[in-house]
Amino acid sequence: MMKAKLICTALLAGGFYMAQAQQTAKPEDTEFYTPVPPKVTPGKIEYKGAPSDAIVLFDGKNLDAWKSVDTDGPALWTVGGGIVTVKKGTGNIETKQKFTNYQLHIEWRVPANITGEGQARGNSGVFLASIGKGDAGYELQVLDNYENKTYTNGMAGSIYKQFVPLANPSLKPGEWQTYDVIWTAPTFNEDGTVKSPARVTVIFNGVLVQNNVTLLGPTQYIGKPSYSVKHGAAPIKLQAHGDKSEPDSFRNIWVRELPN
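Rules and cut-offs
- Residues numbered from 1 in each chain as written.
- Predicted model: local features only at pLDDT ≥ 70, side-chain atom pairs only at ≥ 80, totals over all residues.
- Heavy atoms only, no water.
- Helix = DSSP H or I, 4+ residues; strand = E, 2+ residues; numbered from the N terminus.
- Rg over C-alpha atoms; globule rule 2.2 N^0.38 Å.
- Buried < 20%, exposed > 50% of the residue type's maximum accessible area, 1.4 Å probe, protein only.
- Contact = heavy atoms within 4.5 Å.
- Areas by Shrake-Rupley, 256 points an atom, 1.4 Å probe, with all protein chains shown as cover.
- Lys, Arg positive; Asp, Glu negative; His and termini not counted.
- Charge placed at Lys NZ, Arg CZ, Asp CG, Glu CD.
- Pairing = 2+ DSSP bridges.
- Polar contact = N/O pair within 3.5 Å; in protein donor to acceptor, adjacent residues only side chain to side chain.
- Salt bridge = Lys/Arg side-chain N within 4 Å of Asp/Glu carboxyl O.
- Core = buried A, V, L, I, M, F, W, Y, C linked by side-chain atoms within 4.5 Å.
- Phe/Tyr/Trp six-rings, centres within 6.5 Å; stacked < 30°, edge-to-face > 60°.
- Lys NZ or Arg CZ within 6 Å of the ring centre and 35° of its normal.

Under an unreviewed UniProt entry, the chain has the name DUF1080 domain-containing protein and belongs to Mucilaginibacter jinjuensis.

**Student:** Help me understand the overall build of the chain, please; the structure alone is not making it clear to me.
**Tutor:** Per the secondary structure count, the chain includes one helix and 15 strands. Computed over the C-alpha atoms, the radius of gyration of the chain is 20 Å, within 12% of the 18 Å expected from 2.2 N^0.38 for a compact globule of 260 residues. For the chain, with 260 residues in total, the buried portion stands at 47%. The contacts of the chain with a sequence gap of at least 6 include a subset with a gap of at least 24, amounting to 70%. A total of about 13,200 Å² of accessible surface is found on the chain, and carbon and sulfur atoms cover 56% of it. Across the chain, the centroid of the 26 positively charged side chains sits 4 Å from that of the 24 negatively charged ones.

**Student:** Help me understand the sheet that holds strand 7 (residues 124-130) in this model?
**Tutor:** In a beta sheet, neighbouring strands pair by backbone hydrogen bonds and run either parallel or antiparallel. What the five strands build is an open sheet, ordered 2-5-14-7-8; its pairing is antiparallel. Each having just a single partner strand, strand 2 (66-68) and strand 8 (137-142) make up the two edges of the open sheet. Relative to strand 8, strand 7 is paired through five bridges, and the arrangement is antiparallel. The partner of S124 across the bridge, within strand 8, is V142.

**Student:** Looking at this structure, I do not really get the environment of N148. What am I missing?
**Tutor:** Inspection of the secondary structure assignment puts N148 in the loop between strand 8 and strand 9 (177-184). According to the relative accessible area criterion, N148 is buried, its value standing at 9%. Separated by 30 residues in the primary sequence, N148 and G118 have C-alpha atoms spaced 6.1 Å apart. Not counting residues within four places of it along the chain, the set of residues in contact with N148 comprises E117, G118, R121 and L143. A polar contact of 2.9 Å, which involves the side chain of N148, links it to the backbone oxygen of D144.

**Student:** Can you walk me through the pattern of salt bridges in this structure?
**Tutor:** When their charged atoms lie close together, side chains carrying opposite charge are able to pair. Applying the stated criterion to the full structure yields eight salt bridges. The salt bridge involving K44 is made with E46; its shortest N-O contact spans 3.6 Å. For the pair shown, K44 and E46 are each scored as exposed. With its nearest N and O atoms 3.7 Å apart, the salt bridge here joins D72 to K133.

**Student:** Before we go on, may I ask you to explain the nonpolar core in this structure?
**Tutor:** The tendency in soluble globular proteins is for nonpolar side chains to be buried as a group. Counting 44 residues, the largest nonpolar core has L104, V126, Y179 and W183 as its most contacted members. Within the residue set of this core, elements represented by two or more residues are strand 1 (55-58), strand 6 (102-109), strand 7, strand 8, strand 9, strand 12 (199-204), strand 13 (207-214) and strand 15 (249-257). By residue number, the principal contributor to this core is strand 6, which donates four residues. Non-local contacts of L104, meaning those with residues more than four positions away in its chain, are made with V126, L128, Y179, D180, V181, I236, I253, W254 and V255.

**Student:** Even after reading the chapter, I still don't get the side chain of N153, so can you show me in this structure?
**Tutor:** Considering the arrangement of structural elements, one finds N153 in the loop between strand 8 and strand 9. Here the side chain of N153 touches T30 through a polar contact of 3.0 Å, landing on its backbone oxygen. With near-sequence residues (within four places) excluded, N153 lies in contact with T30, E31, F32, S158, I159, Y160, K161, Q162, F163 and V164.

**Student:** Where do I start with the pairing of strand 8 in this structure?
**Tutor:** Both faces of the sheet carry side chains from a regular strand, because those side chains alternate between them. Of all six residues in strand 8, six are buried, a share of seventy percent or more. Joining the antiparallel neighbours strand 7 and strand 8 is a turn of six residues, in which G134 adopts a positive phi near 60 degrees.

**Student:** Just checking my understanding: could you explain the pairing of strand 6 for this structure?
**Tutor:** Counting buried residues along strand 6, six of its eight residues qualify, which places the element largely inside the surrounding structure. Here strand 6 runs beside strand 15; their pairing, made up of seven bridges, is antiparallel. Bridge pairing links R109 to S249 in strand 15.

**Student:** What am I meant to see in the packing of aromatic side chains here?
**Tutor:** Working definition: an aromatic ring pair is given by the centre-to-centre distance plus the angle between the planes. Taken as a whole and judged by the stated rule, the model has ten aromatic pairs. Note on W77 and F250: the rings are 6.3 Å apart at their centroids and 25 degrees apart in plane angle, and the pair reads as stacked. You can see W77 sitting in the loop between strand 2 and strand 3 (78-80) and its partner F250 sitting in strand 15, a full 173 residues away along the chain. Among the residues examined, F250 registers a relative accessible area of 0% and is labelled buried. Geometrically, the ring pair formed by Y179 and F204 is edge-to-face, given 5.0 Å between the ring centres and 65 degrees between the ring planes. With Y179 in strand 9 and F204 in strand 12, this residue pair connects regions lying 25 residues apart in the sequence. The two residues Y179 and F204 agree in class, both being buried. Among the aromatic residues, those joined into a ring-pair cluster are Y138, W183, F188 and Y227. Over the ring of F127 we find K237, and its NZ or CZ is 5.0 Å from the ring centre.

This is how it looks when you write it as structure tokens:
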């Protein structure tokens, strides 16, 4: 009996200290400022349309392929002039269709009149697999990093809070930028353990910034990422970040499904 009481006490103490550690963890614990990616001036890229086998997610006309993450109702962002602009306060949007492995093309623009600094300057994100409400999922960061310093695993082209981009090919605010992504979804065993982790390659304005990196798990703002949620095919999500800077815009979004 005494031994059982000791084990119970140890388990309770362990749980207490784990909870205490989680409460005292801070976002800064997983923010890194080195290495600093070299600045690269990208060549001019012009994309005029999607491949014949692509699924067009946004062609400039409507958000029929998207829904609100919070309500599962219609996506409420603003469409006009062939682009979609984040409507802050309405929450994130995600695709109605779910995907596993794919090639994604998306173009984004930080407005020319952008204000703020650091993470509060043109912040948004492309969640390569949305696995729940809010910001649950695997985030490829969108941010103005033309002349805006922040932690390097939180800059444009980073896998947020995980991998620093290999280069910084950011263009000036007001110019359209491109992400071309190859996403390999994670797979799980029946018991929820990871069979194969997620992998991603990202080409940013024609420059390779993530080279088939193996993700540590879904994005985690505080604490270290881990594969704590078993999931299958998932939507692609765009973020309406809560900072006060002027909203970003997107256009020409398409995806090509790849073999599993």
